[in-house]
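# Commentary on secondary and tertiary structure
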2 protein chains.
Amino acid sequence: MASPEIEALTQALSRLPGLGPRSARRAVLHLLKRRESALEPLLRALDAVNERLVTCGICGNVDTVDPCGICADQRRDARALCVVEDVADLWALDKSRLFPGRFHVLGGRLSALEGVRPEDLSIDALVARVEAGGIDEVVLAMNATLEGQTTAHYLAERLERFPVRLTQLAHGVPVGGELDYLDEGTLAQALRARRPLG
Amino acid sequence: MASPEIEALTQALSRLPGLGPRSARRAVLHLLKRRESALEPLLRALDAVNERLVTCGICGNVDTVDPCGICADQRRDARALCVVEDVADLWALDKSRLFPGRFHVLGGRLSALEGVRPEDLSIDALVARVEAGGIDEVVLAMNATLEGQTTAHYLAERLERFPVRLTQLAHGVPVGGELDYLDEGTLAQALRARRPLG
């Protein structure tokens, strides 16, 4: 039998999304074989994240400072707010540097199946931010899933009494996408939102 | 952009077998959301493994003591030695408690493709253990792959001059296996080694 230390590490790794018990065991073996090149860097990286990272009290982003770098950046357009489900979505959108405004992380999406209710998400904080004024546009950048869109509709209802423009991401054919591989829903949206050429 | 701490953790995780860049990012997000239930246990488990585990100087097993628990166990049959490719194979065989002897971990298998030569594996140490005497049987428990079997044949050549019995694991239909899902090689081996019923 492997030692209790190895069992504990295998268990901790097997709880990560994407790793089952077998692949966690393979990962442990990989780490044991490569102590200096794999185990120690991972340990240091985890320790740094654990020691230094905090959640931004304004938007829910994760950063080494609170308020986070995005909220503290005065060059950003404070009148545009982009609401996302998760920190990963914020990273994806911010990496592209296409959105000049600020963000608000909900921390998930409404889900009857998983029992996620409005009070489980950072929705009251979002309403308070919009109510405080100074925001012209709120982009509801939820995922294009049933639950994401349900969440967007719920947020739209909560925000409709404020003088802000509510927008959402466009649906359509992804760049590089081939038509015969796309689902009917996407094709229908792309056709409905068709634009003049050129 | 995510902070450098997060980038470093994503990179360290994405080098684990079974995790790519995308799933590493999802794993990081999972850890950030569940600091006390996921990040801190993983950190403690990694730290314990890093602090306490050593490689056994005799057999190559990984344990908190050197010699390892198996090599130090006087109740084990010192006359039987089971040679395996990796520590994971040792764990798998030892978990079943079917082998009463000791082990020897090669640390891999010969591979022309990956440039693994005899001197890259713990083969000289194995020959020295057998040469020292007191061993009656050496089980060559390599994987049933081309490279595993090549390694077993190489070891058999290196060990044939000693008065030990060389054996290998039986091939055949796995328990619960259905014949029409098995490859021809396994079927051929199972048929060749067929036994009288009952």
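What you are looking at is a predicted structure, and each value in this text was computed from that prediction instead of being measured. (Residues numbered from 1 in each chain as written. Chains lettered and ligands numbered in written order. Predicted model: local features only at pLDDT ≥ 70, side-chain atom pairs only at ≥ 80, totals over all residues. Heavy atoms only, no water.)

Here we take up the overall build of chain A. Along the backbone of chain A there are eight helices and six strands. Helices and strands in chain A line up, N terminus first, as α-α-α-β-β-α-β-α-β-α-β-α-β-α. Expected size for 198 residues packed as a compact globule is a radius of gyration near 16 Å; at 21 Å, chain A overshoots this value by more than 25%. Seen along its three principal axes, the alpha-carbon backbone of chain A occupies a region of about 65 × 45 × 35 Å. (Helix = DSSP H or I, 4+ residues; strand = E, 2+ residues; numbered from the N terminus. Rg over C-alpha atoms; globule rule 2.2 N^0.38 Å.)

A few words now on the interface of chain A and chain B. The interface of chain A with chain B comprises 48 residues on the first partner and 48 residues on the second. Counting each side, the surface lost to burial between chain A and chain B is near 4600 Å², with a carbon and sulfur contribution of 70%. Notably, a salt bridge pairs Glu5 of chain B with Arg52 of chain A, separated by 3.0 Å at the nearest N-O pair. At the junction of chain A and chain B, the tally comes to eight residue pairs in polar contact (both at pLDDT 80 or more). (Contact = heavy atoms within 4.5 Å. Buried area = accessible area lost by both parts, 1.4 Å probe. Salt bridge = Lys/Arg side-chain N within 4 Å of Asp/Glu carboxyl O. Polar contact = N/O pair within 3.5 Å; in protein donor to acceptor, adjacent residues only side chain to side chain.)

Another aspect to go through is the relation of the copies chain A and chain B. Between chain A and chain B, which share one sequence, the superposing operator has a rotation angle of 180 degrees and an axial displacement of 0.0 Å; the RMSD is 0.1 Å. On this basis, the relationship between the two copies can be described by a two-fold rotation axis. Closest approach to the rotation axis within chain A is made by the C-alpha atom of Leu43 of chain A, at a distance of 3.3 Å. A shared binding surface is used by both copies, with 100% of the interface residues of chain A retained as interface residues in chain B. (Least-squares fit on C-alpha atoms with pLDDT ≥ 70 in both.)

Right, let's get into a negative patch on the surface. Taken together, the side chains of Asp47 and Glu51 of chain A together with Asp47 and Glu51 of chain B define an acidic patch exposed on the protein surface. When residues of the negative patch are traced back to their parent elements, those giving at least two are α3 (35-52) of chain A together with α3 (35-52) of chain B. Within the secondary structure, Glu51 of chain B sits in helix α3. When its relative accessible area of 59% is taken as the criterion, Glu51 of chain B is described as exposed. (Patch = residues over 30% accessible without salt bridge, like charges linked within 9 Å, V, L, I, M, F, W, Y side chains within 5 Å. Areas by Shrake-Rupley, 256 points an atom, 1.4 Å probe, with all protein chains shown as cover. Lys, Arg positive; Asp, Glu negative; His and termini not counted. Charge placed at Lys NZ, Arg CZ, Asp CG, Glu CD. Buried < 20%, exposed > 50% of the residue type's maximum accessible area, 1.4 Å probe, protein only.)

So, on to the pattern of salt bridges. Counted according to the given criterion, the structure contains 24 salt bridges over all chains. With a closest N to O distance of 3.2 Å, Asp77 of chain B and Arg79 of chain B form a salt bridge. According to the relative accessible area criterion, Asp77 of chain B is partly exposed, its value standing at 25%. Among the charged side chains, a network of salt bridges with common partners joins Arg109, Glu114 and Glu147 of chain A.

Further remarks concern the sheet that holds strand β4 (residues 101-105) of chain B. All names here are of chain B. The four strands are arranged β4-β3-β5-β6 in an open sheet whose pairing can be described as parallel. Sheet topology places β4 and β6 (165-168) at the edges, where each strand pairs with a single neighbour. Neighbour to neighbour, the strand axes of the sheet diverge by 25 degrees on average, direction disregarded. Examined bridge by bridge, strand β3 (residues 77-84) and strand β5 (residues 137-140) share four bridges and lie parallel to one another. Pairing of Ala80 across the sheet is with Glu137, part of β5. Strand contacts of helix α6 (residues 123-131): β3, β4 and β5, with the helix running at about 150 degrees to β4, the strand carrying the most contacts. (Pairing = 2+ DSSP bridges. Axes fitted to C-alpha atoms, helices over the stretch in contact; angles between N-to-C directions.)

Residue and element names in this part refer to chain A. Within the secondary structure, Thr10 sits in helix α1 (residues 4-14). By relative accessible area, Thr10 is classed as buried at 7%. A polar contact is formed between the side chain of Thr10 and the backbone oxygen of Ile6, at a distance of 2.6 Å. Contact partners of Thr10, with chain neighbours within four places excluded, come to Pro21, Ala24, Arg25 and Val28.

Val87, Asp89, Leu90, Trp91 and Asp94 of chain B are the residues of helix α5 (residues 87-95) of chain B that are buried. The secondary structure elements touched by the buried residues of α5 of chain B are α1 and α2 (21-33) of chain A together with β2 (62-63), α4 (69-72), β3 and β4 of chain B. At the exit of α5 of chain B stands Arg97 of chain B, carrying a positive phi of roughly 55 degrees.

In this section: the domain arrangement of chain A. Under the domain assignment, chain A is made up of domain 1 (4-52) and domain 2 (74-168). Of note, the centres of domain 1 of chain A and domain 2 of chain A, computed from C-alpha atoms alone, are 34 Å apart. (Domains from an automatic or database assignment.)

Our focus in this paragraph is the environment of Arg75 of chain A. Residues and elements named next belong to chain A. Tracing the sequence through the fold places Arg75 in the loop between α4 (69-72) and β3 (77-84). With relative accessibility at 77%, the residue Arg75 sits in the exposed group. Along the chain, Arg75 and Pro100 lie 25 residues apart, while their C-alpha atoms are 8.7 Å from each other.

Turning our eyes to something else, we now look at the sheet that holds strand β6 (residues 165-168) of chain A. All names here are of chain A. The four strands are arranged β4-β3-β5-β6 in an open sheet whose pairing can be described as parallel. Sheet topology places β4 (101-105) and β6 at the edges, where each strand pairs with a single neighbour. On average, adjacent strands in this sheet sit at an angle of 25 degrees to one another, irrespective of strand direction. Here β3 runs beside β4; their pairing, made up of five bridges, is parallel. Opposite Cys82, over in β4, you have Phe103 as the bridge partner. Running over the sheet, helix α6 (residues 123-131) touches β3, β4 and β5 (137-140) and is turned about 150 degrees from β4. In the packing of helix α7 (residues 146-159) onto the sheet, contacts are made with β3, β5 and β6, and the angle to β5 comes to roughly 160 degrees.

Turning to a nonpolar patch on the surface, a few remarks are in order. All names here are of chain A. Judged by side-chain polarity, Val173, Leu179 and Leu187 come together as a nonpolar surface patch covering roughly 230 Å² of accessible area. Here Leu179 is to be found in the loop between β6 and α8 (184-192). Residue class for Leu179 comes out exposed when judged on its relative accessible area of 51%.

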